[in-house]
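# Descriptive structure summary
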Amino acid sequence: MASQEIEALSSALARLPGLGPRSARRAVLHLVKKRETALPALLDALLAVQDTLEECRICGNVDTRDPCGICSDPKRDAKSICVVEDVADLWALDRAKLFSGTYHVLGGRLSALDGVRPEDLAIPGLLARVEAGGVDEVVLAMNATLEGQTTAHYLAERLEDFSVRITQLAHGLPVGGELDYLDEGTLAQALRARRPMG
Ligand code: ZN
């Protein structure tokens, strides 16, 4: 029977995505065994992240600085904005290294079921960026789910009045596909073959 502190650590780890109670117990056992080395390293890394994480005021990315590394990179093409549902999608797309523009994180998707309305998403920020000018293309990179596509159509309507090209990812995406589960090749293909929204 483990102590209360060890149990608390196990259950905190077990709540992480990809870890269940069994993996969490194994991780804790590892940390207990390596308390001289692995434990301080993990603790330092967690504290460093906790102290420095910020949400980018421009795109909503989470990074250790604000504006984030992407928005403040002069090599990125600010004329092209790729709109994603979540930070995880941004990271997945950026790992694919095919998109050289910038991003905009909505913070979710429209959902009647979950009561998510347009005003709950970072849509005003997106419209403001487009309205400020200098944007040629908005890529709607929503998940290939019903809610993702509903969100994409809503955004396309809101962007209609601006002189900006609106495209969406090619539907090589599996139906119901969540971007951050796709391999980089599939994602790169969907980006490369992006097509006008219609
Ligand atoms: Zn940013």
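These numbers were taken from a predicted model, which means no experiment stands behind them. Positions within a chain are numbered from 1, following the residues in the order the chain's sequence is written. It should be noted that, the model being predicted, local features are given only for residues of pLDDT at least 70 and side-chain atom pairs only at 80 or more, the latter also being counted only at that level, while totals for whole chains, interfaces and linings use all residues. Values shown for side chains rest on all heavy atoms present in the structure; no hydrogens or waters enter the calculation.

### Some details on the overall build of the protein chain
Here is the rule: Secondary structure elements are taken from DSSP: a helix is a run of H or I of four residues or more, a strand is a run of E of two residues or more, and numbering for both begins at the N terminus. Partly exposed residues are those whose accessible area sits between 20% and 50% of the maximum for their type, while under 20% is buried and over 50% is exposed, using a 1.4 Å probe and protein chains only. Contact criterion: two residues are considered in contact whenever any of their non-hydrogen atoms come within 4.5 Å of each other. Residue burial considers only the protein chains on display, and all accessible areas are found by Shrake-Rupley using a 1.4 Å probe. The positive count covers Lys and Arg only, the negative count covers Asp and Glu only, and His and the chain ends enter neither. Charge positions come from single atoms, namely NZ of Lys, CZ of Arg, CG of Asp or CD of Glu.
The helix and strand tally for the protein chain stands at seven helices and seven strands. Overall, the protein chain shows an N-to-C arrangement of helices and strands of α-α-α-β-β-β-α-β-α-β-α-β-α-β. Seen through its C-alpha atoms, the protein chain measures out along the principal axes to roughly 65 × 35 × 35 Å. Burial status across the protein chain gives 37% buried among its 198 residues. Within the protein chain, contacts between residues separated by at least 24 positions form 55% of all contacts whose residues are at least 6 apart in sequence. For the protein chain, the accessible surface area stands at approximately 11700 Å², while carbon and sulfur atoms represent 55% of it. Averaging the positions of the 22 positive and the 29 negative side-chain charges in the protein chain gives two centres separated by 7 Å.

### Describing the nonpolar core
Selection criterion: What makes a nonpolar core is a set of buried Ala, Val, Leu, Ile, Met, Phe, Trp, Tyr and Cys residues whose side-chain atoms join them at distances within 4.5 Å.
Counting residues in each nonpolar core, the largest one holds 22 residues, and the members touching the most others are C82 and L93. Contributing elements (two or more residues each) for this core: β3 (77-84), α4 (87-95), β4 (101-105) and α7 (184-192). Broken down by element, this core gets its largest block of residues, four residues, from α4. In this view, C82 contacts L93, F99, T102, Y103, H104, V139 and A141; residues no more than four positions away in its chain are not counted. Core analysis: the second largest hydrophobic core is formed by 20 residues, I81, V83, I123 and V135 among them.

### As for the coordination of the zinc ion
By definition of the ideal shapes, four donors in a tetrahedron about a metal sit 109.5 degrees apart, and six donors in an octahedron sit 90 or 180 degrees apart. Selection rule: Listed donor atoms are N, O and S within 2.8 Å of the metal (Na, K and Ca: 3.2 Å). As water is not included, a site may look incomplete. In short, tetrahedral needs four donors with all angles between 85 and 135 degrees, square planar needs four and octahedral six donors with opposite donors over 155 degrees apart and all other angles between 65 and 115, and whatever is left is irregular.
For the zinc ion, the full set of protein donor atoms is C56 (SG), C59 (SG), C68 (SG) and C71 (SG), at a range of 2.3 Å. With four donor atoms in place around the zinc ion and angles of 105 to 115° between them, the coordination shape is tetrahedral. In primary sequence terms, the donor set of the zinc ion follows C-x2-C-x8-C-x2-C. Of the two residues, C56 sits in the loop between β1 (54-55) and β2 (62-63) while C68 sits in the loop between β2 and β3, which places them 12 residues apart along the sequence. In this pair, the class of C56 matches that of C68, namely buried.

### Thoughts on the pattern of salt bridges
What counts here: A carboxyl oxygen of Asp or Glu within 4 Å of a side-chain nitrogen of Lys or Arg is what we treat as a salt bridge.
Per the stated rule, a full pass over the model turns up nine salt bridges. Its salt-bridge partner being D120, residue R117 comes within 3.4 Å of it at the nearest N-O pair. Owing to a relative accessible area of 45%, R117 belongs among the partly exposed residues under this scheme. We classify D120 as partly exposed; its relative accessible area is 38%.

### What to know about the pairing of β3
As a reminder of what qualifies: Any two strands are treated as partners once DSSP identifies two or more bridges connecting them. A crossover gets the label right-handed when its path from the first strand over the helix to the second runs clockwise, viewed with the strands pointing away from the viewer.
Here β3 pairs with β4 via five bridges, running parallel. Among the inter-strand pairings, V83 is bridged to a residue of β4, identified as H104. Remark: the β3/α4/β4 crossover connection has right-handed handedness.

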